[in-house]
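Given next are the chains, with one letter for each unit.
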Amino acid sequence: MKKVAVLTSALSVGVLALSVSLTVTAADLEEIESRGYMSVATEDNYAPFNFMSGSDPDGFIKDILIELEEYSDFEIRQDILPWTGLLASVSSGQYDMALTGASVTDERLRVFNYAPPFASAQHFYIKRAGDDRINSIEDLSGMTLGVQAGSALLSRLPELEVMLEETGGELGDVMQYEAYPEIYADLANGRVDYVINSIVPVNDLISERPDVFEAGQAVSGPGYVAWPMPKDSPELLTYITDFMSHLRDSGRLAELQEEWFGESFDDLPTTPITSVEEFHEMAGM
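The sections below set out a description of the structure shown in this document. Model, not experiment: these values are computed from the prediction.

Note on pairing: side chains with opposite charge can pair once their charged atoms come close. Under the defined criterion, the tally for this structure stands at 13 salt bridges. One salt bridge in this structure joins Asp-58 and Lys-62, with 3.4 Å as the shortest N-O distance. For the salt bridge of Arg-156 with Glu-159, the shortest nitrogen-to-oxygen distance reads 2.5 Å. Given the relative accessible area of 24%, Glu-159 is considered partly exposed. Ionic contacts of the salt-bridge type, sharing partners, join the residues Arg-128, Asp-131, Arg-133 and Asp-193 into one network.

Right, dumping it as structure tokens:
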């Protein structure tokens, strides 16, 4: 098996600084095969998709990279970056694609195509364990919400607003944070009343801290987590779509979903998502 090349976040800072002085463009499959490697960007602080166990990468994406190396005839070179700026690094051509837990959104689809989804991204609310004030969506009216700045969660808050309006309520104050660890800390200490996240990190949080947090109901329609790549790489999109079909048909995708997400997602779309119209049709929006 070919070795997966990995750079830590600290080293990636140097890579990004160097890239300022270089002219880099996104590569399609022919160029990737010619040069002998594909460059992918991952992150290090979004369990269970990507996280660090000591100094080593861990999570669903780590296992996917192993599978991709075995499937490919070229090397996979991985850089581990902070989430902030990761997608911009891909869109600017510094990396061929992002392998991370990126939710599909209207805004991102104007820049990227997405491979077939590998997880659900339907949104759910999280409350403090034992908080009897909140037992339904109706109870969220006027309460303070914590959510990650710049995330897909914000773009679909109008769906929760409609749900609240239908019960005679309204969306309360929305506090935006850089990262979820600080959001959860503020939920635990009572600074916010509830938090919204997608189903996979919600399952992960509740399994690890059931004495602190409880999951509530869905506050959005269906959503998807998938890998984005530049729109000028259609052959690479086809290649990764075929790789996803290989994982699905072999049963390996369901195995990894069960291992890392706590459930398999058998009803996900099996085709790429390349436009806002396709996304809305798939999600029933």
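With five of six residues buried, strand β2 (residues 37-42) lies mostly within the body of the structure. As paired strands, β2 and strand β6 (residues 75-80) are joined by six bridges and run parallel to one another. Directly across from Met-38, in β6, lies its bridge partner Ile-76. In this sheet, strand β7 (residues 97-98) lies alongside β2 in parallel orientation, the contact comprising two bridges.

Considering all chains together, one arrives at one cavity of 30 Å³ or more under this definition. Each pocket or cavity is described by its volume, and for the largest cavity that value is around 50 Å³. Forming the boundary of the largest cavity are 13 residues, of which Glu-43, Asn-50, Pro-57, Asp-58 and Gln-78 lie nearest the centre. Counting only elements with at least two residues in the lining of the largest cavity, the list comes to β4 (50-53), β5 (56-58), α3 (60-71) and β6. By residue class, the composition of the lining of the largest cavity is six nonpolar, three polar and four charged.

The next subject is α3. Counted at 1.5 Å a residue, the expected span for α3 with its 12 residues is 16 Å, and the 17 Å between its end C-alpha atoms agrees. Restricting attention to buried positions, one finds in α3 the residues Phe-60, Ile-61, Asp-63, Ile-64, Leu-65, Glu-67, Leu-68 and Glu-69. Where α3 is buried, its residues contact β2, β4, β6, α10 (234-250) and α11 (252-261).

What the rule picks out here adds up to 15 aromatic pairs. Between Tyr-71 and Phe-243, the aromatic rings sit 5.2 Å apart at their centres with planes inclined by 55°, giving tilted as the arrangement. A residue pair is termed long-range when its members are at least 10 positions apart, and Tyr-71 in helix α3 and Phe-243 in helix α10 qualify at 172 residues. Grouped by ring-pair contacts, the aromatic residues Tyr-46, Phe-49, Phe-60, Phe-118, Trp-227, Phe-261 and Phe-265 constitute a single cluster. A cation over an aromatic ring shows up here: Arg-35 above the ring of Tyr-37, its NZ or CZ 4.6 Å from the ring centre. It is Arg-77 that lies over the ring of Tyr-37; its NZ or CZ is 3.8 Å from the centre.

Attention now goes to the sheet that holds strand β16 (residues 224-226). Across the sheet, which stays open at both edges, the three strands sit in the order β8-β16-β10 with antiparallel pairing between neighbours. Of all the strands in the sheet, the pair left with one neighbour each is β8 (102-103) and β10 (119-120). Summarising the sheet, β10 and β16 pair through two bridges and their orientation is antiparallel. Among the inter-strand pairings, Ser-120 is bridged to a residue of β16, identified as Tyr-224.

Moving on, we come to the side chain of Thr-144. Tracing the sequence through the fold places Thr-144 in the loop between β11 (123-128) and β12 (145-148). Once residues within four sequence positions are removed from consideration, Thr-144 is found in contact with Asp-173, Met-175, Arg-191, Val-192, Asp-193 and Tyr-194.

Once that is clear, we can look at the nonpolar core. Soluble globular proteins tend to bury their nonpolar side chains together. With 49 residues, the main nonpolar core has Met-38, Phe-60, Phe-118, Trp-227, Ile-240 and Phe-261 as its most contacted residues. Residue assignment for this core shows that the elements contributing at least two residues are α2 (29-35), β2, α3, α9 (199-208), β16, α10, α11 and α12 (276-283). If one sorts the elements of this core by residue count, α10 sits on top with seven residues. Once residues lying within four places of it in the same chain are set aside, the contact partners of Phe-261 are Pro-48, Phe-49, Phe-60, Phe-118, Ala-119, Val-200, Asn-203 and Leu-256. Of all hydrophobic cores here, the second largest spans 25 residues; its members include Ile-134, Leu-145, Leu-187 and Ile-196.

It is worth spelling out the layout of surface pockets at this point. Of the pockets and cavities examined, the largest pocket occupies roughly 690 Å³. Residue lining of the largest pocket: 31 residues in total, with Asn-45, Tyr-46, Gln-148, Tyr-180 and Pro-181 positioned closest to the centre. Breaking the lining of the largest pocket down by element, the ones donating at least two residues are β3 (45-46), β8, α6 (152-155), α8 (180-188), β14 (194-198) and α9. Looking at the lining of the largest pocket element by element, the count peaks at four residues for α9.

What counts, and where the lines are drawn
Residues numbered from 1 in each chain as written. Predicted model: local features only at pLDDT ≥ 70, side-chain atom pairs only at ≥ 80, totals over all residues. Heavy atoms only, no water. Salt bridge = Lys/Arg side-chain N within 4 Å of Asp/Glu carboxyl O. Buried < 20%, exposed > 50% of the residue type's maximum accessible area, 1.4 Å probe, protein only. Helix = DSSP H or I, 4+ residues; strand = E, 2+ residues; numbered from the N terminus. Pairing = 2+ DSSP bridges. 1 Å grid on protein atoms, 1.4 Å probe; cavity = no way out; pocket = protein on both sides within 12 Å on 5 of 7 lines; lining within 4 Å. Points joined across faces, edges and corners; volume = space filled by probe spheres on them. Nonpolar A, V, L, I, M, F, W, Y, C, P; charged D, E, K, R; others polar. Expected span 1.5 Å × (residues − 1). Contact = heavy atoms within 4.5 Å. Phe/Tyr/Trp six-rings, centres within 6.5 Å; stacked < 30°, edge-to-face > 60°. Lys NZ or Arg CZ within 6 Å of the ring centre and 35° of its normal. Core = buried A, V, L, I, M, F, W, Y, C linked by side-chain atoms within 4.5 Å.

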